[in-house]
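Survey of secondary and tertiary structure
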There are 2 protein chains.
Amino acid sequence: MSKKNIITPRTLSGFMELPPQEQVLFERIKRTLEETYQMYGFFPIDTPVLEYSEILLAKSAGETEKQVYRFNKGDKDIAMRFDLTVPLAKYVAKNYSAITFPFKRYAIGKVYRGERAQKGRFREFYQADIDIIGDGSLSIVNDAEIPSIIYTIFTDLGLTDFTIRLNNRKVLNGLFEMNGLDENATDIMRIIDKIDKIGISATKAELIESGVAEDIANTLIELMTYKDTNENILAKLETYTGKSATFDLGYQELKDVVYYIGKFGVPSDNYRIDLSIARGLDYYTGTVYETFVNDHPEIGSVCSGGRYDNLAEYYTKKSLPGVGMSIGLTRFFYVLNEYKYLNTKLNAPADVLIIPMTDDMSSAVSISARLREEGIRTQIYMEKKKFKAKISYANKLSIPYAMFLGEDEIKEEKVTIKNMYSGEQVTVELKEAIATMKKSFAELGQESIIK
Amino acid sequence: MSKKNIITPRTLSGFMELPPQEQVLFERIKRTLEETYQMYGFFPIDTPVLEYSEILLAKSAGETEKQVYRFNKGDKDIAMRFDLTVPLAKYVAKNYSAITFPFKRYAIGKVYRGERAQKGRFREFYQADIDIIGDGSLSIVNDAEIPSIIYTIFTDLGLTDFTIRLNNRKVLNGLFEMNGLDENATDIMRIIDKIDKIGISATKAELIESGVAEDIANTLIELMTYKDTNENILAKLETYTGKSATFDLGYQELKDVVYYIGKFGVPSDNYRIDLSIARGLDYYTGTVYETFVNDHPEIGSVCSGGRYDNLAEYYTKKSLPGVGMSIGLTRFFYVLNEYKYLNTKLNAPADVLIIPMTDDMSSAVSISARLREEGIRTQIYMEKKKFKAKISYANKLSIPYAMFLGEDEIKEEKVTIKNMYSGEQVTVELKEAIATMKKSFAELGQESIIK
């Protein structure tokens, strides 16, 4: 046919491109996130993938800056967004007078980083962020709502054994203050942040090397590694109050957050104070979160965030404190898929495949319209193929029901439906077939995306 | 506070960035499209925004090529996708052996064209495509399913007065053949395509100028502008059969498509054969569609598509015929918004705003969890502000219900709800409040997005 040269079709490395049935699962997870964010009253916000480089790189971003996709188009110096936070900051500063605060927004979108390509690392990936931005101030109860959203999402997806780890940067800074370590705070925070990875003795050695006295290093490490109920950790922290205003404020915030998380209905097994959570970035100023799947700590945090004082300091003089969190959706999906945690029973693009057995397909077409009205995702196999090929199509796509429409069925105003899992096959009136299938779909609907 | 230099926040021109409440409406429209595509059994497919330039520009794209965002990253020549069809072709060719055909896929994603910026023209815009790809062949009934999907979408959105105009390129090519105009077919098609814009006499003049004899030009124009019922147009076309195999095939296809569209339940008012619809691209080889809002023909086609013989001829020697359509979602939304067609009653981010009147917010928090379980999108106003500021927040966000929780309510285990539209306010048990609100939301849920 075509005499053209064929170019080998290929995709850039580091760019996820899923097979059809995996994409169905990806969309289900994405949809769960969207629905949860909406349930808490967050606005969807969609900002451009491209921005002026000057805007995106207002904060010299170090490592990130080297990874940015940046180019000229006409006389414009343009870059692709590398996260959803910088565009949010621009958006809020730009639309300040049109926004009603507190401003709750979610964003699920692709971001770009030219990282070194390796397994499980992506150059184009989805982030799924929520943030609550105040105008001048923002209630601490918001800091408790975020973990409740994290809990709802992971529970809805089917995960149960996960822990949201909580801390407060003011507690840490206060501890440093009362030990005369204010000036080393950033260094110490960075060392502490690695404690899970490098272990206690290496952490202690690094602390001492950075100028911390041995007894203070011991105290800090004892606190950071202190595991107990939230009540007992708070009681222990209370014994340190009265020495640093920063610490006292942090202690009160942490106490409030723990109190309200419970009120939001999050079971106490799923959140716990962990004084070693520091979150490297100097961006955070209060509450910080990380979320771990208990069986797989090696995955690292699947959802992180915290409280910050100034969202948009590079674009406005307004004080815009906020609290938020981010899920690295592409990486999260990749890991779930690698571990075979995904429920492949939910990866079909349709609920039923109608297989017409006559040349005229008008009965199949009319019935398909009827099924869709009932909310049943319906496909018709329209090609002239042997029966085996038709039924194999339903099998390959794991469509749970096949519906056969032969001359007999059409004459008797009935349909034959086959449950593709059980093999059970019945010839009944359409109304009964719909009821049978709906019951089966309702059961399937109870299954979670993560096994 | 901050002593940093402030960079004026701004967005690149030609990039849509909506205010929060308009974004809610945009997402509702996008969701309607997704749900409809899923209801017909289409797979979601998500391909990268970035591809090798060699892949994206395999078909020298003329005007398009100049508009492409193209740059080097490392040693790679990269471009941003300018449509969703080329990435689909690459995807199908690349994954051919893993795909079960016919392959039904939808894609809703951003594409990029550096067009001259002007009002209503966008450089970053969403396309919302569906395609059905066959392996070697594809039943004509698929060509009837596409208009049924278009009909479902626009009806669900609230449009009723629209017309899907249908034609078949083989009918046109056959007519040219039988008039000895085979070689001029592309030119003639282009001229005919403009008939709605330039009018009959200018079209006739252009046809004659391009070498068409006057009597043939008259015959062609008479057919192209022939308005009648689908049955009568088909009857008229039948009188031309027997002279060209191409025409006869096209006539039969058009007849089949019209027959099955009716079976899909599309009312005859909403689709009509229009022999002037040619779709400029030489890509299409059979059925072609355009969709017009009857009161606003000046908008142009809001949804177009058709049948093609070779999806992926640049990437594979396999014959992959398909049929599909595309909605230019960003432009569609822009036009609806400009004409004030959007239902602003549906632009709230939440269904109810809980306004706590006590310092301790634990009752509000517990109740919010309960409301969300009932599927009610719930926000709590947590900030310490005057009552007026709190109620004004609900007003500004057009949240339909406010719920007040004062000491009395908490003591009596009741809640006060206020319908923000009617002003009606009652103090009742939570259960009753939920029932009242749900009834009201169900009514609101009946309203369509387009007024």
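Nothing here was measured: the structure is a model prediction, and the numbers come from that model.

Thoughts on the sheet that holds strand S15 (residues 415-419) of chain B
Residue and element names in this part refer to chain B. A sheet is described by the order of its strands in space; here five strands give the open sequence S13-S12-S14-S15-S16, paired in mixed fashion. Of all strands in the sheet, those with a lone pairing partner are strand S13 (378-380) and strand S16 (425-428), marking the two edges. Within the sheet, the average angular offset between the axes of one strand and its neighbour, ignoring direction, is 25°. Strand direction decides the pairing type here: strand S12 (residues 352-356) and S13, joined by three bridges, are parallel. By the bridge assignment, Leu-353 is partnered in S13 with Gln-379.

Description of unusual backbone geometry
A cis amide bond links A:Phe101 to the next residue, A:Pro102, at an omega of -5°. Here A:Pro102 is to be found in the loop between helix H4 (85-94) and strand S5 (103-112). Phi at A:Glu413 takes a positive value of approximately 55°, unusual for a residue other than glycine. Looking at where A:Glu413 falls in the secondary structure, it is placed in the loop between helix H16 (407-412) and strand S15 (415-419). The phi angle at B:Lys340 is positive, at roughly 55°, despite the residue not being glycine. Inspection of the secondary structure puts B:Lys340 in the loop between helix H13 (329-338) and S12. We classify B:Lys340 as exposed; its relative accessible area is 66%.

Regarding the packing of helix H9 (residues 200-209) of chain A against helix H10 (residues 214-224) of chain A
All names here are of chain A. Contact geometry for H9 and H10: axes closest at 9 Å, N-to-C directions at 140°. In terms of axis orientation, H9 runs oblique to H10. Crossing hand, H9 versus H10: right-handed. Between H9, through Ile-200, Thr-203, Lys-204, Leu-207 and Ile-208, and H10, the contact on the second element is made entirely by Glu-214, Ala-217, Asn-218 and Ile-221. Of the residues in the contact of H9 with H10, the class split is five nonpolar, two polar and two charged.

What to know about the side chain of A:Thr287
All names here are of chain A. Checked against the element boundaries, Thr-287 lands in strand S9 (residues 284-293). A polar atom in the side chain of Thr-287 sits 2.7 Å from the side chain of Asp-143. What Thr-287 contacts, discounting residues up to four positions off in sequence, is Ile-140, Asp-143, Asn-167, Asn-168, Val-257, Gly-305, Gly-306 and Arg-307.

Section: the environment of A:Tyr381
Along the chain, A:Tyr381 falls in the loop between strand S13 (378-380) and helix H15 (387-396). Residues A:Tyr381 and A:Glu313, 68 residues apart in the sequence, show an inter-C-alpha distance of 57 Å. Other than its neighbours up to four places away in sequence, A:Tyr381 contacts A:Leu353, A:Ile354, A:Ile355, A:Pro356, A:Lys390, A:Tyr393, B:Phe101 and B:Pro102.

Description of the packing of helix H1 (residues 20-39) of chain B against helix H5 (residues 141-157) of chain B
In a pair of packed helices, the angle between the axes and the distance between the axes together describe the arrangement. Residues and elements named next belong to chain B. Contact pair H1 / H5: the axes reach a minimum separation of 10 Å and the direction vectors enclose 145°. In this structure, H1 crosses over H5, and the sense of that crossing is right-handed. Contact residues: H1 offers Ile-29, Thr-32, Leu-33, Thr-36 and Tyr-37, while H5 offers Ile-149, Thr-152, Ile-153, Asp-156 and Leu-157.

Description of the pairing of strand S6 (residues 124-133) of chain A
Residue and element names in this part refer to chain A. Buried residues dominate S6, accounting for ten of its ten residues. Note: S5 against S6, ten bridges, orientation antiparallel. The partner of Lys-104 across the bridge, within S6, is Ile-132. Relative to strand S11 (residues 322-328), S6 runs antiparallel, the two being bridged by seven bridges.

A few points about the pattern of salt bridges
Enumeration according to the criterion identifies 50 salt bridges over all chains in this entry. Notably, a salt bridge pairs A:Glu124 with A:Lys110, separated by 3.5 Å at the nearest N-O pair. In this pair, A:Glu124 is assigned in strand S6 and A:Lys110 in strand S5, connecting sequence segments 14 residues apart. Among the salt bridges present, the one from B:Asp274 reaches B:Arg165, with a minimum N-O distance of 3.4 Å. Separated by 109 residues along the polypeptide, B:Asp274 in the loop between strand S8 (271-273) and strand S9 (284-293) and B:Arg165 in strand S7 (residues 162-168) bring together distant segments of the chain.

Thoughts on the interface of chain A and chain B
Where the parts come together, the accessible area they lose is often given as the size of the interface. Taken together, the 105 residues of chain A in the interface contact 105 residues of chain B. Roughly 9300 Å² of surface becomes buried between chain A and chain B when both sides are summed, with 61% attributable to carbon and sulfur atoms. Inspection of the chain A/chain B interface yields ten salt bridges. Our count for the contact surface shared by chain A and chain B stands at 38 residue pairs in polar contact (both at pLDDT 80 or more). At eight residues, helix H1 (residues 20-39) of chain A tops the list of elements feeding residues into the side of chain A that touches chain B.

Parameters and conventions
- Residues numbered from 1 in each chain as written.
- Chains lettered and ligands numbered in written order.
- Predicted model: local features only at pLDDT ≥ 70, side-chain atom pairs only at ≥ 80, totals over all residues.
- Heavy atoms only, no water.
- Pairing = 2+ DSSP bridges.
- Helix = DSSP H or I, 4+ residues; strand = E, 2+ residues; numbered from the N terminus.
- Axes fitted to C-alpha atoms, helices over the stretch in contact; angles between N-to-C directions.
- Buried < 20%, exposed > 50% of the residue type's maximum accessible area, 1.4 Å probe, protein only.
- Parallel < 35°, antiparallel > 145°, perpendicular 65-115°, else oblique.
- Left-handed = near helix turned anticlockwise from the far one by under 90°.
- Contact = heavy atoms within 4.5 Å.
- Nonpolar A, V, L, I, M, F, W, Y, C, P; charged D, E, K, R; others polar.
- Polar contact = N/O pair within 3.5 Å; in protein donor to acceptor, adjacent residues only side chain to side chain.
- Salt bridge = Lys/Arg side-chain N within 4 Å of Asp/Glu carboxyl O.
- Buried area = accessible area lost by both parts, 1.4 Å probe.

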